[in-house]
Amino acid sequence: MENYTSVPREFHILPFFHNSDRSPLMVGIFAVFYSLGILMNVLIVTLIYVDEQLHSPMYLFLCNLSLVDMCYTTTIIPKLLHILSSGKHKVSFCQCFTHMYFFFLAAGTENLLLFTMAYDRYVAICKPLHYHTILSKKVCFIFTAAMWFIASLNSCLVTVPTLKMSFCRSTTIHHFYCDAKVLMKISCAGKEIVYLVIYFELLFFGLCPFLCSLTSYAKILQVIFRIKSRDGRTKAFSTCSSHLIVIMLYYSTGALVYLLPTTRYSDILDQVFTLLFATATPTLNPLIYGLRNRDVKRAVMRLLQLKRRSAID
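Residues numbered from 1 in each chain as written. Predicted model: local features only at pLDDT ≥ 70, side-chain atom pairs only at ≥ 80, totals over all residues. Heavy atoms only, no water.

Student: Is there a simple way to think about the overall build of the protein chain in this case?
Tutor: Summing up its helical and strand segments, the protein chain has 10 helices and 5 strands in all. Residues counted as buried form 47% of the 313 residues belonging to the protein chain. Within the protein chain, counting contacts between residues at least 6 apart in sequence, those at least 24 apart form 79% of the total. With an accessible surface of roughly 16400 Å², the protein chain has 67% of that area assigned to carbon and sulfur atoms. (Helix = DSSP H or I, 4+ residues; strand = E, 2+ residues; numbered from the N terminus. Buried < 20%, exposed > 50% of the residue type's maximum accessible area, 1.4 Å probe, protein only. Contact = heavy atoms within 4.5 Å. Areas by Shrake-Rupley, 256 points an atom, 1.4 Å probe, with all protein chains shown as cover.)

Take a look at the structure:
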């Protein structure tokens, strides 16, 4: 008779790069990525909060994107650094599912947020005269609160059925954090409902926002190509190119994580693509917006000039 436990006290996290000879190198790499990502996202949030010229719907959503990116990396990287530096691979049952909840919270919020940002660019380019009427401060705050609320409910929808799964003899997770997809591999019973929830997740919080975002940009491109002035087309496209790059980067890495077919090396590839999805992408987002956005660059210069003046005074 197969021995299993319905509620294990702890899980054993075993990433593919857990070899003790490589641990110091991996700790250094992830520490740099984490610090860089947090600092750049904090800079974006600070600039938007301090600079009144950035108090617009587009930058309110960008501020939320930075908060989501910090949530992504903080959910995963600090615990991973602890595992690699201490050699203690055990994580408690409660901590495991707390990580899962916040990861899906960040993922759900970013899916909705990227669509909302695409809609923002659609209104700004296709209906510029009605922009501040359609996306008033009240509407933007309602959108923001609704996104976080819906994402939290969605995270509960994923986490609760996973909590009810029974686990076999092995409680070893071949990953660097607790993911529903990985936990299903070591589950003995109760994973059928989790499969249904994951399919629902991919359809309504993955595919639908992505298709809606593409529809918005299809209409945006139609309007841009009708602009007779070359400078006008360049200016219009530059306002949405950064967001389009972020969308393609996010959904391409996310698709590789959740749509990867099962193969001999699927565990390793899953972890590699998850690292890109949850660590590299949040670090690159502020760089993409910072380097390609004139308003952000100008805000940085104004902040530096303000600090110089205060230092002189």
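That was the structure; now back to the text.
Student: How do you make sense of the side chain of Asn 111 when you look at a structure like this?
Tutor: Mapped onto the fold, Asn 111 is located in helix α3 (residues 93–126). A relative accessible area of 6% means that Asn 111 is categorised as buried.

Student: Would you mind going over a nonpolar patch on the surface with me for this structure?
Tutor: There is a patch of nonpolar side chains on the surface, built from Leu 157, Phe 200, Leu 203, Phe 204, Leu 207, Leu 211, Leu 214 and Met 248 and spanning about 670 Å² of accessible area. For the nonpolar patch, the element with the most residues is helix α7 (residues 191–226), which contributes 6 residues. Along the polypeptide, Leu 211 turns up in helix α7. With relative accessibility at 44%, the residue Leu 211 sits in the partly exposed group. (Patch = residues over 30% accessible without salt bridge, like charges linked within 9 Å, V, L, I, M, F, W, Y side chains within 5 Å. Salt bridge = Lys/Arg side-chain N within 4 Å of Asp/Glu carboxyl O.)

Student: Sorry, what's going on with the sheet that holds strand β1 (residues 10–13) here?
Tutor: Picture the strands of a sheet paired through backbone hydrogen bonds; they go either parallel or antiparallel. The strand order β2-β1-β4 describes an open sheet built from 3 strands, whose pairing is mixed. Each edge of the sheet is formed by a strand with only one pairing partner; in this case those strands are β2 (90–92) and β4 (172–173). Pairing geometry for β1 and β4, over 2 bridges, is parallel. When the bridges of β4 are listed, His 12 appears paired with Thr 172. (Pairing = 2+ DSSP bridges.)

Student: Just to check I follow, could you spell out the nonpolar core for this structure?
Tutor: Most often, soluble globular proteins have nonpolar side chains that are buried together. By size, the foremost hydrophobic cluster in this structure holds 61 residues, and its most contacted members are Phe 30, Leu 62, Leu 65 and Tyr 72. Of all the secondary structure elements, the ones that give two or more residues to this core are α1 (23–50), α2 (57–86), α3, α5 (137–163), α7, α8 (230–258), α9 (266–292) and α10 (294–312). With 15 residues, α2 is the largest single contributor of residues to this core. In this structure, Phe 167, Ile 173, Ala 180 and Val 182 belong to the second largest nonpolar core, which totals 22 residues. (Core = buried A, V, L, I, M, F, W, Y, C linked by side-chain atoms within 4.5 Å.)

Student: Please clarify how the packing of α2 against α3 should be interpreted in this entry.
Tutor: The packing of two helices is summarised by the inter-axis angle and the distance between the axes. Running from amino to carboxyl end, α2 crosses α3 at an angle of 160°, the nearest separation of the two axes being 9 Å. On the basis of their axis angle, the class for α2 and α3 is roughly antiparallel. When the axes of α2 and α3 are compared, the crossing they make is left-handed. In terms of residue class, the contact of α2 with α3 is built from 16 nonpolar, 6 polar and 5 charged. (Axes fitted to C-alpha atoms, helices over the stretch in contact; angles between N-to-C directions. Parallel < 35°, antiparallel > 145°, perpendicular 65-115°, else oblique. Left-handed = near helix turned anticlockwise from the far one by under 90°. Nonpolar A, V, L, I, M, F, W, Y, C, P; charged D, E, K, R; others polar.)

Student: What should I look at first to understand the side chain of Thr 159 in this one?
Tutor: In this structure, Thr 159 sits in helix α5. In this structure Thr 159 touches Phe 97, Met 100 and Tyr 101, once residues within four positions along its chain are discounted.

Student: Can you walk me through α1 in this structure?
Tutor: An α-helix turns once every 3.6 residues. As a result, residues three or four positions apart point the same way. Compared with an ideal rise of 1.5 Å per residue, which puts 28 residues at 40 Å, α1 spans 40 Å between its outermost C-alpha atoms and is within 8% of the ideal. Within α1, burial applies to Ser 23, Met 26, Phe 30, Gly 37, Ile 38, Met 40, Asn 41, Ile 44, Val 45, Leu 47 and Ile 48. (Expected span 1.5 Å × (residues − 1).)

Student: How should I be thinking about the packing of α2 against α5 in this particular structure?
Tutor: Here α2 crosses α5 at 20°, and the two axes come no closer than 10 Å. Overall, the two elements α2 and α5 adopt an arrangement that is roughly parallel. Considering the relative orientation of α2 and α5, their crossing is right-handed. Along its contact with α2, which presents Pro 57, Leu 60, Phe 61, Asn 64 and Val 68, the element α5 presents Cys 140, Phe 141, Phe 143, Thr 144, Met 147 and Trp 148. Along the lines of polarity and charge, the residues of the contact of α2 with α5 split into 9 nonpolar, 2 polar and no charged.

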